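Here is how the chains run, residue by residue.
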Amino acid sequence: MERPHAPEESGQGEVRLRFQRLGDIIVVKDRFFPKENREELARSLAERFGAKSVVLDMGIEGEFRKPRIRLLYGSSTETFHRENGVVYHLDLSKVMFSKGNVHERRRLISLVREGEVVVDMFAGIGYFSLQIAKHTRASRVVSCEKNPDAFAFLVENIMINGLETRVQPMMGDCREACPWRVGDRVIMGYLDAVKFLEHAVAALRGPGHLHVHGTGKTPRELLDEVEVRLGQLGCTYEVLGVRRVKSYAPRVYHYVVDLRVDPRSAASP
Ligand SMILES: C[S@@+](CC[C@H](N)C(=O)[O-])C[C@H]1O[C@@H](n2cnc3c(N)ncnc32)[C@H](O)[C@@H]1O
């Protein structure tokens, strides 16, 4: 959030609001935005901060993490958002963009080593894939995405950023679209990632790294789920760490588990 203020009086009779900015659009969260005079407030926010639209964010839903939004001001939900030297074209009525994952995107860049093949199983519009392709010496990034709307933006964003030779987009469910035995590192940026672990292991070409996202009240909660599943698959693995990505709900957090896994001992999916 760019303005970390709950709706409140600033002391000068002015209401301060929490909001995020994606490109030239302001995004306000339903639970933090005053319930009264929303359109009027949205108009003054847009005018004050030079945004073309103001969008009310009511959460994301379903397998495709589709946003539930309402346009409070302006006429367009499409924008070009820039983060860490990468341009993302997106339509906020069709695909999500979590600014809260920015540190995780930067952290991953620091982990990727020269020559690695990185598999991004839940690529969306290229959140992780484009940053890695742009800022690391990975030999290539294989990016799977099932939602046709997100996939279309992924393909366009690869071109906008001039990364056609570095990112290979694969349309479809990662359980089928993801190639086997190609990767050195697999990113599982989806909160139900544990259910897909066998496919991530199958995507490794030798001992390699997995980054498994999920939620829990404590890091142990997610780690237990991951370890139970890897045990069922018969994998040899080492836990490298668990990191909190962001808050997800009251007392529930989004975590990522980093692992080194040897796929040779695992059962095939
Ligand atoms: C939550 S978004 C990606 C978030 C992103 N990692 C970030 O940092 O903000 C997850 C993406 O996975 C896609 N997805 C869901 N199930 C999938 C599957 N079985 N195969 C491939 N993509 C899938 C969704 O359409 C969505 O675009």
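Predicted model, so just to flag it, every value in this text is computed and none were measured.

Thresholds applied
- Residues numbered from 1 in each chain as written.
- Predicted model: local features only at pLDDT ≥ 70, side-chain atom pairs only at ≥ 80, totals over all residues.
- Heavy atoms only, no water.
- Helix = DSSP H or I, 4+ residues; strand = E, 2+ residues; numbered from the N terminus.
- Rg over C-alpha atoms; globule rule 2.2 N^0.38 Å.
- Buried < 20%, exposed > 50% of the residue type's maximum accessible area, 1.4 Å probe, protein only.
- Contact = heavy atoms within 4.5 Å.
- Areas by Shrake-Rupley, 256 points an atom, 1.4 Å probe, with all protein chains shown as cover.
- Domains from an automatic or database assignment.
- Buried area = accessible area lost by both parts, 1.4 Å probe.
- Pairing = 2+ DSSP bridges.
- Lys, Arg positive; Asp, Glu negative; His and termini not counted.
- Salt bridge = Lys/Arg side-chain N within 4 Å of Asp/Glu carboxyl O.
- Polar contact = N/O pair within 3.5 Å; in protein donor to acceptor, adjacent residues only side chain to side chain.

J.: For the overall build of the protein, give the residues involved together with the corresponding values.
T.: Helix and strand counts for the protein come out as 7 helices and 15 strands. Its C-alpha atoms give the protein a radius of gyration of 20 Å, within 12% of the compact-globule value 18 Å for 269 residues. Taken over the C-alpha atoms alone, the protein extends approximately 65 × 40 × 30 Å along its principal axes. Here the protein holds 269 residues, and 49% of them are scored as buried. Expressed as a percentage of contacts within the protein between residues at least 6 apart in sequence, the contacts between residues at least 24 apart total 60%. A total accessible area of about 12600 Å² is found for the protein, and carbon and sulfur atoms account for 49% of it.

J.: Kindly report on the domain arrangement of the protein, identifying the contributing residues and their values.
T.: When its domains are assigned, the protein resolves into domain 1 (8-76) and domain 2 (99-265). Computed from C-alpha atoms alone, the centre-to-centre distance between domain 1 and domain 2 is 31 Å. On the side of domain 2, 8 residues touch domain 1, which itself brings 6 residues to the contact. Each partner contributes to the roughly 640 Å² buried at the junction of domain 1 and domain 2, and carbon and sulfur atoms together form 49% of this total.

J.: Report on the pairing of strand β8 (residues 86-91), specifying residues and quantitative values.
T.: For β8, the tally of buried residues reaches 6 of 6 residues, placing the bulk of the element in the interior. The two faces of β8 match: V86, Y88 and L90 on one face and V87, H89 and D91 on the other face are all buried. Alignment of strand β7 (residues 78-83) against β8, held across 6 bridges, turns out to be antiparallel. Counterpart to E83 in the pairing with β8 is V86. Counted between consecutive antiparallel strands, the loop separating β7 from β8 contains 2 residues, among which N84 sits at a positive phi close to 50°.

J.: Tell me about the side chain of D120, and name the residues and values.
T.: Relative to the helices and strands, D120 is located in strand β9 (residues 117-120). Buried charged residue D120 carries no salt bridge. Nearest counter-charge: R105, at 9.3 Å. At 2.6 Å, the side chain of D120 forms a polar contact with the side chain of S129. Here D120 is in contact with F128, S129, V142, S143, C144 and I187, once residues within four sequence places are set aside.

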